[in-house]
Amino acid sequence: MHNSKTSSFSLHCLVNGRKIEREIPSSHSLIDFIRLDLGLKGTKEGCGEGECGACMVLLDGKAVNSCLMMAVQIEGRELITIEGIKGKAGGLHPLQKTFMAEGAVQCGFCTPGFIIASEALLRRKPKATLEDIKLELTGNLCRCTGYEKVLSAVEKAIGK
């Protein structure tokens, strides 16, 4: 029997450096919370099954697929979406600049996920090798540009 009542949850977390306190439906996935409750549309839902990486976000500095998590799981934690990825002076992040310079963006649907995954790698391993980059980005799919330009963009962002 279907229960049409939706319970709610009082969520407290840090999103892109801002404290968030919000009453949300406890049934919301993390991507629903990001897109519907916060109105941050940079994070995309591709497959909805954790296979394409378009929905990646940083949770406590680690790249996760937001389509596979419930919003309630981020209680008390730090979330960074693509809108929170910025350069030191607040402008474009070095990864965003190199993705543009290398032409690693075509339709752009997958780009936020690639940048989030790359940022997670470079935070963890600032001098990542090409093999490290390839391994890190195995969970991200692109159907437009291929991967050579993406790999080149991440390599060029190292040390910037």
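Procedures and definitions
Residues numbered from 1 in each chain as written. Predicted model: local features only at pLDDT ≥ 70, side-chain atom pairs only at ≥ 80, totals over all residues. Heavy atoms only, no water. Buried < 20%, exposed > 50% of the residue type's maximum accessible area, 1.4 Å probe, protein only. Helix = DSSP H or I, 4+ residues; strand = E, 2+ residues; numbered from the N terminus. Pairing = 2+ DSSP bridges. Arc of directions from axis to C-beta. Contact = heavy atoms within 4.5 Å. Axes fitted to C-alpha atoms, helices over the stretch in contact; angles between N-to-C directions.

S.K.: Describe in detail the pairing of strand E3 (residues 56-59), supporting the description with residues and values.
M.R.: With burial as the criterion, each face of E3 is covered, one bearing Met56 and Leu58 and the other bearing Val57 and Leu59. Here E3 pairs with strand E4 (residues 62-65) via four bridges, running antiparallel. Considered in E4, the bridge of Met56 is made with Asn65. Between E3 and E4, which pair antiparallel one after the other, the connecting turn spans two residues, and Asp60 there sits at a positive phi close to 50°. Bridge analysis of E3 against strand E5 (residues 78-80) gives two bridges, and the strand direction is antiparallel. From the neighbouring strand, Leu59 faces E5, where its bridge partner is Leu79.

S.K.: Describe helix H1 (residues 30-37), with residues and values.
M.R.: For H1, the full list of buried residues reads Leu30, Ile31, Phe33 and Ile34. For H1, the buried positions fall inside an angular range of 165° around the axis, keeping them on one side. The inward-facing, buried residues of H1 abut strand E1 (8-15), strand E2 (18-25), E3 and E5. A positive backbone phi angle near 75° is found at Gly39, which sits one or two residues after H1.

S.K.: Can you break down the environment of Glu148 residue by residue, with the values?
M.R.: When you line up the elements, Glu148 lands in helix H5 (residues 148-157). When the C-alpha positions of Glu148 and Glu102 are compared, they lie 9.5 Å apart, and in sequence the two are 46 residues distant.

S.K.: Lay out the sheet that holds E4 with the relevant residues and their values.
M.R.: In spatial order, the strands read E2-E1-E5-E3-E4; together these five strands make up an open sheet with mixed pairing. The open sheet terminates on both sides in strands that have one partner only, identified here as E2 and E4. Along the sheet, successive strands turn relative to each other by an average axial angle of 40°, direction set aside. Each of E1, E2, E3 and E5 is contacted by H1, which is oriented at about 105° to E2, the strand it contacts most. Lying on the sheet, helix H3 (residues 111-124) is in contact with E3, E4 and E5; it crosses E3 at an angle near 35°.

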